[in-house]
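For reference, the chains in residue letters:
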Amino acid sequence: MSAPTTAATGVDPVVLAFLHREARLADEARYSEWEQLWDDDARYWVPMSEDADPDRDLSYIYDNRRRLKSRVAQLNTGSRHSQTPPSKMRRLLSNTELLARDADTVTVGSNFVLYEYRYGMTIWAGRVIHRIVLDPERGPRLREKTVHLVNAGDPLPTLAFLL
Amino acid sequence: MTELQTRPAPRTGVRDLVRPDRVHGSVYTDPEVFELELQRIYAEGWVFVAHDSEVPEPGDYVTRRIGRDPVIVTRSRNGEVHVLANRCAHRGNRLCNAERGNSTTFRCPYHGWTFKNDGALVGIPMRNGYSEEILAKRSELGLSPLPRVERYRGFVFASLAGEGISLREHLGAATGAIDRLLALSPSGTLDLRAGWMKHKHFSNWKMVIENNVDGYHALFTHQSVYEAVREAKVSHVPSKVEVYVRDLGNGHSEIDYLPEYSRLDEEFVWFGRAPRTKLPHYVAAMEEAYGAEATHRAFVVGPPHTMIFPNLFLAEMNIMYVEPIGPGETVAYTTPALIPGMSEMNSRMLRRTEGAMGPAGFLIADDGEIGARNQLGLASRSPEWILLARGLHTDERDETGTVNHDKSSETPQRGLWHHWASVLNGQDETAGA
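Not measured: the values here are computed from a predicted model.

Chemist: Can you walk me through the domain arrangement of chain B in this structure?
Modeler: Quite often, the size of an interface is put as the accessible area lost when its parts meet. Residues and elements named next belong to chain B. When the domains of chain B are assigned, the result is domain 1 (50-152) and domain 2 (173-431). Listed as interface residues are five residues of domain 1 and, on the opposing side, eight residues of domain 2. Among the residues forming the side of domain 1 that touches domain 2, the class breakdown is one nonpolar, two polar and two charged.

In structure tokens form, the structure reads like this:
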């Protein structure tokens, strides 16, 4: 990458800006715009434990590109009752670090806190790992998003919004 | 005042809360009713607690709750399954704090008392501090085994009461639903080790189980799925399909797709209409085990959609159980009914369970939301009664129970409530329904 990197984290500002945009679109229930951030090859994964293997273990969410499209389409109907009206949400992304990079992707890990207001306030927290394709023509695209909730082992309230 | 003193005194019955075509709204909200349920249903009755496959090897254990009581389900060295109170017999510490694992003993970190996984007390540190009289009674100081533990084809049920009807009497016609599920497994067994999704519902536990066998709500509650994602496997418009609802007796009930699937005579309608060519290993194993004809029949008939009172739901190729937390809070646990060794089926099943079930599922997230709003609505005291009259005039009795050929009939709910009232009123369980 020719763009300057922030010395403290090693994460390209373009990547950080992409993460923040993704967070804002999810917070604001801008489903279709959020979907457009994704690559054609996609995995949106919310495991039930840190050491889970999705081929063997059940996950809360394990969406490929096709299922991601369905998820967004369902939210867009306006009759996805668990998000009608959409929860009011704001999330903070922090402690972002570069975890890996190869020829065309970077993988970054962050901590997050998400405040969801629906009938009351629910606080979600965890670690989120983004794998982002850096396409010089199309710009950054999300290939993988993995969310390790700190309370993944506990009964979770309904989670129909975009985590 | 202590918590014990402020807890409401249990009711002794619910004689005025259930009528043939309606139930009183307070059955979902009244803390006294909830306390009575924990006693009569969850302490005195049979409750699903675990599946054999979750503790396959000696030393394996899982921890569960029956009502409020924490228990450990273990497999001891002789292969026997034990359900033990998860409470140190000395001073009451919750002994085992992992969800699952393998251990031949459990040692309490408080004073070091140690118990074998069959419950026997095997170690008391500094034992000479006890009199000979106490030490002579060591064998009585083990972990309390649940008074009754019985199994039906791998499903382990337990009761906190020493006396009562047998599991077979309790299950009655519901054994047919378990058989129907196991007819889809070449080995006649399941593997429930993919992990349980845990979903917190802000509604009464009975609302969750009633909804599981409600053939009326899908068109509305799940409209977004059929509109945006895919057509329902068969129509949810009752007049267009031969899908029945049934009260099986003893509080068990189901939505039965069998007549419709038989009419279509098409395989795997219940499994995304997957063609046989995608499942060659499974098809071969089934034909080897049961022969071509029975295999075709099993593939057409498909799995059950049956609620086994009070807490086990055979949700087609998923298993769900519910845990009552409070009058307005319930946890639902869901896992796919994996078929041992059948990876073609199992990898699909994992993804199907994630798609439909749990807190982010395309279906159940909306059931959770509707349940929460139901609980909020019930805060209103008017009207007093909840109407469950749909299809009452067209219910038919036959050898399978009380059947209605309109899937949107509230026949399952009426059966559930009839039984519920008889249990809470302390009547003979088998006399119900």
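Chemist: Just checking my understanding: could you explain the nonpolar core for this structure?
Modeler: General note: in soluble globular proteins, nonpolar side chains tend to be found buried as a group. Residues and elements named next belong to chain B. The biggest cluster of nonpolar side chains holds 142 residues, and the ones touching the most others in it are Val49, Val71, Val73, Ala158 and Ile308. Of all the elements, helix H14 (residues 411-424) adds the most residues to this core, at six residues. Leaving out residues up to four positions away in the same chain, Val49 has contacts with Arg64, Ile66, Val71, Val73, Val83, Val156, Phe157 and Ala158.

Chemist: Where do I start with the interface of chain A and chain B in this structure?
Modeler: Counting residues at the interface gives 26 residues for chain A, matched by 31 residues for chain B. For the side of chain A that touches chain B, the elements supplying multiple residues, two or more each, are strand S2 (59-63) and helix H3 (65-76) of chain A. Counting residues per element, the side of chain A that touches chain B draws most heavily on H3 of chain A, which supplies five residues.

Chemist: I tried to follow the pairing of strand S4 (residues 60-66) of chain B on my own but got confused; where do I start?
Modeler: For a regular strand, the rule is simple: side chains alternate between the two faces of the sheet. All names here are of chain B. Pairing of S4 with strand S7 (residues 100-102) involves three bridges; the strand directions are antiparallel. Residue pairing across strands places Val62 opposite Arg100, the latter belonging to S7. Across six bridges, S4 lies against strand S5 (residues 69-75) in antiparallel orientation. Paired with Val62 across the two strands is Val73, which belongs to S5. Once S4 ends, the chain turns through two residues before running back antiparallel as S5, passing Gly67 with a positive phi of about 60°.

Chemist: How do you make sense of the confidence of the model for chain B when you look at a structure like this?
Modeler: Averaged over chain B, the pLDDT score is 95; the fraction of residues at 70 or greater is 96%. For this predicted complex, the interface confidence reaches an ipTM of 0.94, while the overall pTM sits at 0.95.

Chemist: What should I look at first to understand H3 of chain A in this one?
Modeler: The periodicity of an α-helix, 3.6 residues per turn, causes residues three or four places apart in sequence to face the same way. Between its first and last C-alpha, H3 of chain A extends 16 Å over twelve residues, near the 16 Å set by a 1.5 Å rise per residue. Contact partners of the buried residues in H3 of chain A: helix H2 (31-35), strand S1 (38-47) and S2 of chain A together with helix H8 (223-228) of chain B. Following H3 of chain A by one or two positions, Gly78 of chain A adopts a phi angle in the positive range, close to 85°.

Chemist: So what exactly am I meant to see when it comes to the environment of Pro186 of chain B here?
Modeler: All names here are of chain B. Its location among the elements puts Pro186 in the loop between helix H5 (175-182) and strand S13 (197-201). C-beta crowding within 10 Å serves as the criterion here: with 22 such atoms nearby, Pro186 is assigned to the buried category. Separated by 102 residues in sequence, Pro186 and Glu288 place their C-alpha atoms 8.0 Å apart. With residues up to four places along the chain from it excluded, the contact list for Pro186 reads Ala285, Met286, Glu288 and Ala289.

Chemist: Would you explain the pairing of strand S4 (residues 105-117) of chain A in this entry?
Modeler: Residue and element names in this part refer to chain A. The side-chain alternation of S4 yields one buried face, formed by Val106, Val108, Ser110, Phe112, Leu114 and Glu116, and one unburied face, formed by Thr105, Thr107, Gly109, Asn111, Val113, Tyr115 and Tyr117. With eleven bridges joining them, strand S3 (residues 88-101) and S4 adopt antiparallel strand pairing. What sits directly across from Arg101, in S4, is Val106. Remark: three residues form the turn of the hairpin made by S3 and S4, two consecutive strands paired antiparallel. Bridging between S4 and strand S5 (residues 121-135) involves 13 bridges; their strand directions are antiparallel. The residue of S5 that forms the bridge with Tyr115 is Ile123. Linking two consecutive strands that pair antiparallel, namely S4 and S5, is a turn of three residues.

Chemist: Can you walk me through the sheet that holds S2 of chain A in this structure?
Modeler: Residues and elements named next belong to chain A. Sheet architecture is open: six strands sit in the order S2-S1-S6-S5-S4-S3, paired in mixed fashion. Of all the strands in the sheet, just S2 and S3 have a single pairing partner and so form its edges. If you compare each strand with its neighbour and ignore which way they point, the axes differ by 20° on average.

Chemist: Explain the environment of Met48 of chain A here, please?
Modeler: Relative to the assigned elements, Met48 of chain A resides in the loop between S1 and S2. On the neighbour-count criterion, Met48 of chain A (20 C-beta atoms within 10 Å) is buried. When the C-alpha atoms of Met48 of chain A and Leu16 of chain A are compared, they prove to be 27 Å apart, with 32 residues separating the residues in sequence. Setting aside anything within four residues of it in sequence, one finds Met48 of chain A in contact with Asp57, Leu58, Ser59, Tyr60 and Ala152 of chain A together with Gly195 and Met197 of chain B.

Rules behind the numbers
Residues numbered from 1 in each chain as written. Chains lettered and ligands numbered in written order. Predicted model: local features only at pLDDT ≥ 70, side-chain atom pairs only at ≥ 80, totals over all residues. Domains from an automatic or database assignment. Contact = placed C-beta atoms within 7 Å. Nonpolar A, V, L, I, M, F, W, Y, C, P; charged D, E, K, R; others polar. Core = buried A, V, L, I, M, F, W, Y, C linked by C-beta atoms within 7 Å. Buried ≥ 20, exposed ≤ 12 C-beta atoms within 10 Å, placed from the backbone. Helix = DSSP H or I, 4+ residues; strand = E, 2+ residues; numbered from the N terminus. Pairing = 2+ DSSP bridges. pLDDT = per-residue confidence, 0-100. Expected span 1.5 Å × (residues − 1). Axes fitted to C-alpha atoms, helices over the stretch in contact; angles between N-to-C directions.

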